[in-house]
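Structural overview for review
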Amino acid sequence: MKKKKLITHNKSYAIDKSPLYNIQYTKRLSDILQINEDTIFSLIENKTKNYNCFLQGKKKREIQSPINELYLIHNRLASLLARVKLPDYLYSGVKNRSYIDNAKAHLTGEEIITTDISAFFPSTTRTMIFWFFKNKLKCSHKIANILADLCSIDEHLPTGSQISMPLAYLVNASMFDELNNLSEKNKLIMTVYVDDVTFSGEKVPKGFKYQVERIIKKHKHNIKAEKTTLYKNQSVKEVTGLILKDNTLLPPNRQFKKLHQHLTLWKTLIAKPRNGIKIEWLYHKIVGILNNISYFKSGYKNVIFAIQKEYHQYKNTPANYKKAD
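Values in this document were obtained by computation on a predicted structure and should not be read as measured data. (Residues numbered from 1 in each chain as written. Predicted model: local features only at pLDDT ≥ 70, side-chain atom pairs only at ≥ 80, totals over all residues. Heavy atoms only, no water.)

1. Quick look at the overall build of the protein
For the protein, the count of helices and strands is twelve helices and nine strands. When the backbone C-alpha atoms are referred to their principal axes, the protein occupies close to 65 × 55 × 35 Å. Burial statistics for the protein: of 325 residues in total, 45% are counted as buried. Across the protein, every contact between residues at least 6 apart in sequence was considered, and the portion connecting residues at least 24 apart equals 69%. Accessible surface for the protein amounts to roughly 18,100 Å². Of this, 50% is attributable to carbon and sulfur atoms. One way to put it: in the protein the 53 positive side-chain charges average out to a point 5 Å from where the 28 negative ones average out. (Helix = DSSP H or I, 4+ residues; strand = E, 2+ residues; numbered from the N terminus. Buried < 20%, exposed > 50% of the residue type's maximum accessible area, 1.4 Å probe, protein only. Contact = heavy atoms within 4.5 Å. Areas by Shrake-Rupley, 256 points an atom, 1.4 Å probe, with all protein chains shown as cover. Lys, Arg positive; Asp, Glu negative; His and termini not counted. Charge placed at Lys NZ, Arg CZ, Asp CG, Glu CD.)

Written out as structure tokens, the structure is:
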């Protein structure tokens with residue numbers, strides 16, 4: 001099924017103005033989700049058949065992506081959840097905001113502490129999702145259960161759905177609000193980008209890291225100790241994958257290294273017919289990296305144009321996709 005865009009109609013409202021607020025009966029839920037009641041219950045009963053599950057990346061992360069009618073329900077739910085007003089500290093899933101804006105917010109911070117919530121989507125449980133719909137959206141017990149079932153797989157939030165990002169924040173909003181209150185109390189700036197939480201200011205108080213960890217654990221999550229870093233007087237800092245140096249944002253060296261590796265392979269593949277092997281996977285990786293780098297170094301836009309030209313020439317040469325006899 002072709003991926004559908006979220007439909008928000010440029011609406012933004014408080015959570016108690018959401019169409020999902022105070023749903024008491026399945027007929028009303030069916031109307032809002034734009035799908036009949038029998039289909040809803042059938043999807044819950046056969047939930048695992050309505051996900052495409054696969055491993056992704058070097059770390060072999062399991063991705064659960066909804067398919068068929070469940071995908072349509074997730075798209076509808078994500079469209080409605082995306083209209084809920086969000087706090088200033090959130091930079092993910094917010095229109096006209098990105099990981100770049102998240103890093104920019106900390107450019108003037110003399111001291112910065114970054115941390116990462118471990119397995120954020122999988123550790124957002126079905127029970128947490130239920131209580132969000134029950135307590136925050138004031139749905140009936142039955143409706144909260146139905147929505148929790150529709151929004152979970154293997155007792156947790158799916159990792160590859162359009163609901164994953166908005167629901168992960170909203171379900172855990174009280175945790176992030178508590179972290180932000182702690183930040184403001186200590187005269188720090190806090191930003192959140194999915195599972196990355198960053199604090200900056202003139203001085204990060206002693207013991208602040210442990211206070212952050214205590215709040216996160218109280219809300220049934222954990223931090224990645226190896227990804228928690230305190231930058232004190234270093235001239236170079238890193239926030240959401242970008243380097244902060246002398247009040248300037250730069251892409252990290254590892255991105256240039258990866259680009260070099262991909263371009264080397266690209267030249268090899270372009271030079272010879274590949275016996276039917278497609279190169280789209282590498283093309284999209286290269287263009288993705290180049291788009292990130294060219295935001296900071298405009299000269300790399302010329303490299304994008306060159307790669308695009310080579311790609312289209314290769315793609316429009318049938319012999320390159322013809323398998324050898």
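2. A look at the packing of aromatic side chains
For the structure shown, the criterion picks out eleven aromatic pairs. Note on F130 and W131: the rings are 4.9 Å apart at their centroids and 75° apart in plane angle, and the pair reads as edge-to-face. On the accessibility criterion, F130 (6% relative accessible area) is buried. The partly exposed category is assigned to W131, whose relative accessible area is 42%. (Phe/Tyr/Trp six-rings, centres within 6.5 Å; stacked < 30°, edge-to-face > 60°.)

3. Digging into the sheet that holds strand 8 (residues 242-245)
The strand order across the open sheet built from three strands is 7-8-9, with neighbouring strands paired in antiparallel fashion. The sheet is open, and its two borders are formed by strand 7 (236-239) and strand 9 (248-250), each paired with just one other strand. Strand-to-strand twist across the sheet, computed as the mean angle between neighbouring axes with direction ignored, equals 35°. Pairing of strand 7 with strand 8 involves four bridges; the strand directions are antiparallel. Across the sheet, the residue bridging to K237 is L244, located in strand 8. (Pairing = 2+ DSSP bridges. Axes fitted to C-alpha atoms, helices over the stretch in contact; angles between N-to-C directions.)

4. Points about the side chain of N172
Within the secondary structure, N172 sits in the loop between helix 7 (164-171) and helix 8 (173-185). You can call N172 buried: its relative accessible area is 4%.

5. A word on the nonpolar core
Grouped together as the largest cluster of nonpolar side chains are 62 residues, with contacts concentrated most on F133, L167, F176, L179 and F199. F133 has contacts with K138, C139, A144, L147, A148, C151 and L167, leaving out every residue within four places of it along the chain. Listed in part, the 15 residues of the second largest apolar core include L269, I279, I289 and L290. (Core = buried A, V, L, I, M, F, W, Y, C linked by side-chain atoms within 4.5 Å.)

6. Concerning helix 10 (residues 253-271)
Across its 19 residues, helix 10 extends 27 Å between first and last C-alpha, which sits within 8% of the 27 Å expected from 1.5 Å per residue. Here helix 10 has its buried residues at Q255, L259, H262, W266 and L269. Relative to the axis of helix 10, the buried residues are bounded by an arc of 90° and lie together on one face. Counted as exposed and oriented over 90 degrees from the buried face of helix 10: N253, K257, H260, K267 and A271. (Expected span 1.5 Å × (residues − 1). Arc of directions from axis to C-beta.)

7. Here's the deal with the pattern of salt bridges
Any two side chains of opposite charge can pair, so long as their charged atoms come close to each other. For the coordinates displayed, the defined rule picks out nine salt bridges. With a closest N to O distance of 3.0 Å, D31 and K27 form a salt bridge. Taken together, the residues D31 and K27, both in helix 1 (residues 26-33) and four residues apart, mark about one turn of the helix. Residue classification places K27 among the partly exposed positions, given a relative accessible area of 48%. (Salt bridge = Lys/Arg side-chain N within 4 Å of Asp/Glu carboxyl O.)

8. Let's talk about the packing of helix 2 (residues 37-45) against helix 3 (residues 68-81)
As a packed pair, helix 2 and helix 3 sit with axes 10 Å apart at the nearest point and diverge in direction by 110°. Our classification of the angle between helix 2 and helix 3 gives roughly perpendicular. Here T39, I40 and L43 of helix 2 lie close against helix 3, whose contacting residues are E69, L70 and I73. Among the residues forming the contact of helix 2 with helix 3, the class breakdown is four nonpolar, one polar and one charged. (Parallel < 35°, antiparallel > 145°, perpendicular 65-115°, else oblique. Nonpolar A, V, L, I, M, F, W, Y, C, P; charged D, E, K, R; others polar.)

9. Notes on the environment of K203
Inspection of the secondary structure assignment puts K203 in the loop between strand 5 (196-201) and helix 9 (208-218). Expressed as a C-alpha distance, the spacing of K203 and Q162, which sit 41 residues apart in the sequence, is 38 Å. Excluding its chain neighbours within four sequence positions, the residues that come into contact with K203 are E111, L188 and K232.

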